[in-house]
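One-letter residues, chain by chain:
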Amino acid sequence: MELTSDEARAHYDAVRDVLAGTVVGLDFDGTLSPVVDDPEAARLHPGAPGALLELAEVVRAVAVITGRPARQAIAMGDLDALGNAMLDRGAELFVFGQYGNERWSATEQRIRSPRPPAGLASFERELPSVLRRAGAPDAFIEEKGLAVAVHTRRMDDPSGAFDRLVKPIAALAERHHLTTEPGRNVIEVRSGEMHKGRAVRTFVAEQEAAGVVFGGDDLGDVEAFEAVRSLRSEGLPGLVVCSASHEQPDLVRLADVVVDGPAGMVDLLGALVRRP
Ligand SMILES: [Mg+2]
């Protein structure tokens, strides 16, 4: 674990002082689960369930905050069983899926989600012709209910196709008042109204949290990092953890602690709950 400055050490200590009232938000891919070539093969780091169970004994609540549909993250992380075990230890597990558009909790055991954003249906109707014009008619379209993802990883030239598609898809999304989130050989299109920063703020408010920790690794986590920093400027102890599985200078700049991928995240969560 590498605290980036004395100030970061002070934030770490401030959160530890209010641990019983603290909520912990964690991204899934690259943060709790190692990044793998096939996103469908992602699983929790083997140390993660144990670390989350230990965390459950000392904090108020834990949330997995992910771009994935909640159903997928729950299945991949076996979060149903983990959530029950965490409840036994005194903390609720939440899953905020699709950047907070969907929510699930270990107590409720069902996924609540709002209607798809206006514009998504017409975006989807026009998408195939945009793919064709960009020379990528074979890109895989994944309908996620509240979002659409265009994958190029199974194509002959995944990064070339990705590069050709980013701009035209962003332009089409903008015409339908939607936002794009480019990832690794995937371009996701969704409502711009929901992002992980809002999910973090909602989580903190609903739990009447006395402190907040958020860990993430990718550009989709920037708003959550910023939310913790702005809550902190409003007086709430907060800690921003960057899981640096690959270089993301924008995220490192906003973080108090940089850990080495999911293994480092597991270590950090362990250190946080251990008595000094
Ligand atoms: Mg991630």
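The structure under discussion appears in the preceding block.
Below is a short write-up of the structure. (Residues numbered from 1 in each chain as written. Predicted model: local features only at pLDDT ≥ 70, side-chain atom pairs only at ≥ 80, totals over all residues. Heavy atoms only, no water.)

With that settled, the discussion passes to the environment of Leu268. For Leu268, the location among the structural elements is in helix 10 (residues 261–273). Taking relative accessible area as the criterion, Leu268 reaches 1% and is therefore assigned buried. In this structure, the C-alpha to C-alpha distance between Leu268 and His177, residues 91 residues apart in sequence, is 39 Å. Look past the residues within four positions of Leu268 in its chain and what remains in contact with it is Met1, Tyr12, Val241, Val257 and Val259. (Helix = DSSP H or I, 4+ residues; strand = E, 2+ residues; numbered from the N terminus. Buried < 20%, exposed > 50% of the residue type's maximum accessible area, 1.4 Å probe, protein only. Contact = heavy atoms within 4.5 Å.)

With mixed pairing, 8 strands are arranged side by side in an open sheet as 1-12-11-10-2-3-4-5. Sheet topology places strand 1 (2–3) and strand 5 (102–105) at the edges, where each strand pairs with a single neighbour. The sheet contact formed by strand 1 and strand 12 (residues 257–259) spans 2 bridges and is antiparallel. Paired with Glu2 across the two strands is Val258, which belongs to strand 12. Contacting strand 3 (61–65), strand 4 (92–97) and strand 5, helix 4 (residues 79–88) crosses the sheet at an angle of about 145° to strand 4. (Pairing = 2+ DSSP bridges. Axes fitted to C-alpha atoms, helices over the stretch in contact; angles between N-to-C directions.)

One non-glycine residue, Asp78, adopts positive backbone phi at about 50°. One can find Asp78 in the loop between helix 3 (70–77) and helix 4. A positive phi angle, close to 60°, is found at His177, a residue other than glycine. Among the secondary structure elements, His177 is positioned in the loop between helix 6 (158–175) and strand 8 (178–182).

On the protein side, the magnesium ion has Asp27 (OD), Asp29 (O) and Asp217 (OD) as donor atoms, found 2.0 to 2.2 Å from it. For the magnesium ion, the donor residues sit on a single chain with the sequence spacing D-x1-D-x187-D. Separated by 190 residues along the polypeptide, Asp27 in the loop between strand 2 (22–26) and helix 2 (48–58) and Asp217 in the loop between strand 10 (211–216) and helix 8 (222–233) bring together distant segments of the chain. Grouping residues by exposure puts Asp27 and Asp217 together as buried. (Donors = N, O, S within 2.8 Å, 3.2 Å for Na, K, Ca; no water.)

In this section: the pattern of salt bridges. Within this structure, the stated rule accounts for 14 salt bridges. Across the pair Glu40 and Arg154 runs a salt bridge whose closest N-O atoms are separated by 3.9 Å. On the criterion of sequence distance, the pair formed by Glu40 in the loop between strand 2 and helix 2 and Arg154 in the loop between strand 7 (147–151) and helix 6 is long-range, its members being 114 residues apart. Residues Glu206 and Arg103 are paired through a salt bridge, measuring 3.0 Å at the closest nitrogen-oxygen approach. Of this pair, Glu206 sits in helix 7 (residues 196–206) while Arg103 sits in strand 5, and the two are 103 residues apart along the sequence. On the basis of relative accessible area, Glu206 is assigned to the partly exposed category, the value being 44%. Among the residues examined, Arg103 registers a relative accessible area of 19% and is labelled buried. (Salt bridge = Lys/Arg side-chain N within 4 Å of Asp/Glu carboxyl O.)

One open sheet accounts for 4 strands, arranged 6-7-9-8; its pairing is antiparallel. Looking at strand neighbours, the two that pair on one side only are strand 6 (140–143) and strand 8, the edges of this open sheet. Between one strand axis and the next, the sheet turns through 20° on average, direction left out of account. Helix-sheet contacts for helix 5 (residues 120–133) involve strand 6, strand 7, strand 8 and strand 9 (186–191), and the interaxial angle to strand 7 is about 15°.

This paragraph deals with the pairing of strand 6. Where strand 6 meets strand 7, 4 bridges bridge the pair, whose relative direction is antiparallel. Note that in strand 7 the partner of Glu143 across the bridge is Val148. Count of turn residues in the strand 6/strand 7 antiparallel hairpin: 3 residues, of which Gly145 carries a positive phi of about 90°.

Buried residues dominate strand 9, accounting for 6 of its 6 residues. Pairing of strand 7 with strand 9, which is carried by 5 bridges, proceeds in the antiparallel orientation. Its bridge partner being in strand 9, Ala147 is matched across the sheet by Arg190. Linking strand 8 back to strand 9 in an antiparallel pair, the connection comprises 3 residues, with Asn185 at a positive phi of about 55°.

Of note, Lys196 is situated in helix 7. A polar side-chain atom of Lys196 sits 3.0 Å from a polar atom in the side chain of Asp27. (Polar contact = N/O pair within 3.5 Å; in protein donor to acceptor, adjacent residues only side chain to side chain.)

On to the packing of aromatic side chains. Counted under the stated rule, the structure contains 4 aromatic pairs. Between Phe94 and Phe203, the aromatic rings sit 5.6 Å apart at their centres with planes inclined by 70°, giving edge-to-face as the arrangement. Of this pair, Phe94 sits in strand 4 while Phe203 sits in helix 7, and the two are 109 residues apart along the sequence. Across this residue pair, the class does not change: Phe94 and Phe203 are buried. Linked through ring pairs, Phe94, Phe96 and Phe203 together constitute an aromatic cluster. Against the face of Phe140 rests Arg154, its NZ or CZ located 5.8 Å from the ring centre. Lying across the ring of Tyr99, Arg190 places its NZ or CZ 3.7 Å from the centre. (Phe/Tyr/Trp six-rings, centres within 6.5 Å; stacked < 30°, edge-to-face > 60°. Lys NZ or Arg CZ within 6 Å of the ring centre and 35° of its normal.)

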